[in-house]
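Chain residues, written in single-letter form:
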Amino acid sequence: MENYIANAVHHLHTIDKHRALVFVNCVRAGIPLQGLVHDLSKYSPTEFLVGVKYFQGDHSPNVEERKEKGYSAAWMHHKGRNKHHFEYWFDNSTTAFNIVPVEMPTKYVIEMFCDRVAASKVYHKDSYQDDSALKYFQMHDYSAIMHPNTQKLLRELLQMLADEGEAKTFAYIRKMKK
């Protein structure tokens, strides 16, 4: 029971810290309301209790749930309620019976960028560098599961962050939105 309570406190702290960093990023990007409501579903029992059970502190608890069960119910819940995840943006094809990625509206790509930067800061802690989120992005092949325009914009923002830093990247995002 002590371990469960400790995990609950640590998981809550991780969520709160992540949301605070996303909020700051969203304000800098010119989308403060999105930052304010970002990831509220993480406080729901479906997501929070799984997070407590599988809390590790250096990566998402959903990874551990997936290892045990073969899927993550918390992730399925989360991605279906949060438009800043590209996995939210799938639909049936109009030409065949299959699922296809849909291009994300720019405001959600920006929030996804803010989210990935904040997650990198939370999980990498003192070893965070401006290229951390880009390196994580480059570890995966998104070509079949993310709309090409969404992937291009996200990669462009992550590359700019790695090359030019936060100040220039957020200034670019604010200009891009206009």
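In this text the structure is predicted, and so the values were computed from the model without any measurement.

**Considerations on the overall build of the protein chain**
The secondary structure content of the protein chain amounts to nine helices and two strands. Secondary structure elements in the protein chain, listed N-terminal to C-terminal, are α-α-α-α-α-β-β-α-α-α-α. Expected size for 178 residues packed as a compact globule is a radius of gyration near 16 Å; at 17 Å, the protein chain falls within 12% of this value. Looking at the protein chain as a whole, 43% of its 178 residues qualify as buried. Surface accessibility of the protein chain: about 10100 Å² in total, with carbon and sulfur atoms responsible for 57%. A distance of 5 Å separates the average location of the 23 positive side-chain charges in the protein chain from that of its 21 negative side-chain charges.

**Considering the packing of aromatic side chains**
Applying the stated criterion across every chain yields a total of five aromatic pairs. Ring plane angle 90° and centroid distance 5.5 Å describe the contact between Phe86 and Tyr142, whose orientation is recorded as edge-to-face. Of this pair, Phe86 sits in the loop between helix H5 (73-79) and strand S1 (90-92) while Tyr142 sits in the loop between helix H7 (132-138) and helix H8 (148-164), placing them 56 residues apart in sequence. Side by side, Phe86 and Tyr142 carry an identical accessibility label, which is buried.

**What about the packing of helix H1 (residues 2-29) against helix H6 (residues 106-124)?**
Interaxial distance between H1 and H6 falls to 8 Å at its minimum, and their mutual angle equals 135°. Accordingly, the angle class assigned to the pair H1 and H6 is oblique. Crossing of H1 against H6: the hand is right-handed. Contacts between H1 and H6 involve Thr14, Lys17, His18, Leu21, Val22, Asn25, Cys26 and Ala29 from the former and Ile110, Glu111, Cys114, Asp115, Val117, Ala118, Ala119, Lys121 and Val122 from the latter. Of the residues assigned to the contact of H1 with H6, the class counts are ten nonpolar, three polar and four charged.

**What about the nonpolar core?**
By size, the foremost hydrophobic cluster in this structure holds 28 residues, and its most contacted members are Ala29, Met104, Phe113, Cys114, Leu154, Leu158 and Ile173. Secondary structure elements with two or more residues in this core: H1, H6, H7, H8 and helix H9 (166-177). Ranked by the residues each element gives to this core, the list is headed by H6, at eight residues. Other than its neighbours up to four places away in sequence, Ala29 contacts Ile110, Cys114, Phe170, Ile173, Arg174 and Lys177.

**Some points on a nonpolar patch on the surface**
On the surface, a cluster of nonpolar side chains totalling about 780 Å² of accessible area is made up of Leu12, Phe23, Val24, Val27, Leu33, Leu36, Val37, Leu40 and Tyr43. Considering every element that reaches the nonpolar patch, the biggest residue donor is H1, with four residues. Take Val24: it is sitting in helix H1.

**Re the environment of Asp126**
Examined against the element boundaries, Asp126 turns out to sit in the loop between H6 and H7. Residues Asp126 and Ile110, 16 residues apart in the sequence, show an inter-C-alpha distance of 24 Å.

**Focus on unusual backbone geometry**
Phi at Asp39 takes a positive value of approximately 60°, unusual for a residue other than glycine. You can see Asp39 is positioned in the loop between helix H2 (32-37) and helix H3 (45-53). Accessibility expressed as a relative area gives 1% for Asp39, which makes it buried. A positive phi is found at Lys125, a non-glycine position, where the angle reads about 50°.

Rules used in this analysis
- Residues numbered from 1 in each chain as written.
- Predicted model: local features only at pLDDT ≥ 70, side-chain atom pairs only at ≥ 80, totals over all residues.
- Heavy atoms only, no water.
- Helix = DSSP H or I, 4+ residues; strand = E, 2+ residues; numbered from the N terminus.
- Rg over C-alpha atoms; globule rule 2.2 N^0.38 Å.
- Buried < 20%, exposed > 50% of the residue type's maximum accessible area, 1.4 Å probe, protein only.
- Areas by Shrake-Rupley, 256 points an atom, 1.4 Å probe, with all protein chains shown as cover.
- Lys, Arg positive; Asp, Glu negative; His and termini not counted.
- Charge placed at Lys NZ, Arg CZ, Asp CG, Glu CD.
- Phe/Tyr/Trp six-rings, centres within 6.5 Å; stacked < 30°, edge-to-face > 60°.
- Axes fitted to C-alpha atoms, helices over the stretch in contact; angles between N-to-C directions.
- Parallel < 35°, antiparallel > 145°, perpendicular 65-115°, else oblique.
- Left-handed = near helix turned anticlockwise from the far one by under 90°.
- Contact = heavy atoms within 4.5 Å.
- Nonpolar A, V, L, I, M, F, W, Y, C, P; charged D, E, K, R; others polar.
- Core = buried A, V, L, I, M, F, W, Y, C linked by side-chain atoms within 4.5 Å.
- Patch = residues over 30% accessible without salt bridge, like charges linked within 9 Å, V, L, I, M, F, W, Y side chains within 5 Å.
- Salt bridge = Lys/Arg side-chain N within 4 Å of Asp/Glu carboxyl O.

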